[in-house]
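A structural walkthrough
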Amino acid sequence: MNDFYIGLITTIVIIALVEILKFLEKRLIGALTLVGIAFIYIGFSWNDILSLTYAILGSAVFFVLSYFGYKNNFILIILGLFLHGIWDILFPYFSSTAPEGYGIFCLTIDFLLAIYFYIRVKPLKTI
């Protein structure tokens with residue numbers, strides 16, 4: 001349960017910083033967050049080739065979602081954050097490299113940030 005609370009507190013701090021620093025572009029922060037959280041798994045998986053392969057493939061998927069979400073449709077970033085939360089829960093079933101408790105911690109952050117960005121970011125207007 002501590003993993004959830006730590007994730008909740010971390011998310012509150014992230015959202016507070018984004019809200020306080022109004023000059024930050026929320027769309028860009030969402031895109032960078034999605035890419036950053038995906039690449040963390042590469043660091044965990046460095047010593048296990050199979051886990052590293054999964055982490056690289058996952059990072060590539062989240063990178064593509066992030067890019068097209070930023071450029072075309074922000075809903076892809078929100079979808080990516082939800083999918084990454086699911087990734088956080090499933091990854092330990094394919095690898096033993098993620099730290100214990102990391103899944104719930106990250107799932108909490110991913111889902112709450114997805115909800116935050118859904119509420120706070122306006123979709124791009126299409127011409």
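For every chain, the first residue of its written sequence is number 1, and the numbers climb from 1 along that sequence. Only residues with pLDDT of at least 70 get local features here, since the model is predicted, and only at 80 or more are side-chain atom pairs given and counted; chain-wide, interface and lining totals rely on the full set of residues. Side-chain descriptors were evaluated using all non-hydrogen atoms of the structure, hydrogens and water having been removed beforehand.

To continue, consider the nonpolar core. Core analysis: the biggest nonpolar cluster contains 18 residues, and L34, F74, I77, L81 and F117 have the highest contact counts within it. Put simply, DSSP marks the helices as runs of H or I at least four residues long and the strands as runs of E at least two long, and each gets a number from the N terminus on. At the level of elements, α2 (26–44), α3 (49–71), α4 (75–94) and α5 (102–120) are the ones that each hand at least two residues to this core. In this structure, L34 is in contact with F62, L65, S66, I77, G80, L81 and H84, ignoring residues within four places of it in sequence. Counting residues in each nonpolar core, the second largest holds eight residues, with I42, L52, A55 and A98 among its members. The definition of a nonpolar core used throughout is a set of buried Ala, Val, Leu, Ile, Met, Phe, Trp, Tyr and Cys residues joined through side-chain atoms within 4.5 Å. Burial classes follow relative accessibility: with a 1.4 Å probe on protein chains only, a residue under 20% of its type's maximum area counts as buried, one over 50% as exposed, and anything between as partly exposed. Contacts are assigned to residue pairs with any non-hydrogen atoms lying within 4.5 Å of each other.

What follows is about the pattern of salt bridges. Basic side-chain nitrogens of Lys or Arg form a salt bridge, by our definition, when they fall within 4 Å of a carboxyl oxygen of Asp or Glu. Inspection of the entire model under this criterion finds three salt bridges. Linking K22 and E19 is a salt bridge whose minimum nitrogen-to-oxygen distance equals 3.8 Å. Exposure remark for K22: the relative accessible area of 60% places this residue in the exposed category. A salt bridge links E19 to K26, with the nearest nitrogen and oxygen atoms 3.9 Å apart. Here E19 matches K26 in class, with each residue buried. Each of E19, K22, K26 and R120 takes part in a single network of salt bridges with overlapping partners.

On to α3. In a helix, the anticipated span is given by 1.5 Å times the number of residues less one. Taking 1.5 Å per residue, 23 residues should reach 33 Å; α3 reaches 33 Å between its end C-alpha atoms and fits that length. Three or more residues of α3 are buried, namely S51, L52, A55, G58, S59, F62, L65, S66 and G69. On its buried side, α3 packs onto α2 and α4.

Another point: the packing of α4 against α5. Lines fitted to the C-alpha atoms define the axes, with helices restricted to the stretch that makes contact. Angles between their N-to-C directions range from 0 to 180 degrees. Remark: α4 packs on α5, axes separated minimally by 8 Å, with the N-to-C direction vectors making an angle of 165 degrees. Relative to α5, the element α4 lies roughly antiparallel. Where α4 crosses over α5, the two elements pack in a sense that is left-handed. Taking contact as the criterion, the partners of I75, I78, L81, F82, H84, G85, I86, D88 and I89 in α4 are, on α5, G103, I104, C106, L107, D110, F111, L113, A114, I115, F117 and Y118. Our angle categories are set so that under 35 degrees counts as roughly parallel, over 145 as roughly antiparallel, 65 to 115 as roughly perpendicular, and the remainder as oblique. Should the near helix be turned counterclockwise from the far one by less than a right angle, the crossing is left-handed, whereas a clockwise turn marks it as right-handed.

The values are spatial; any link to function lies outside them.
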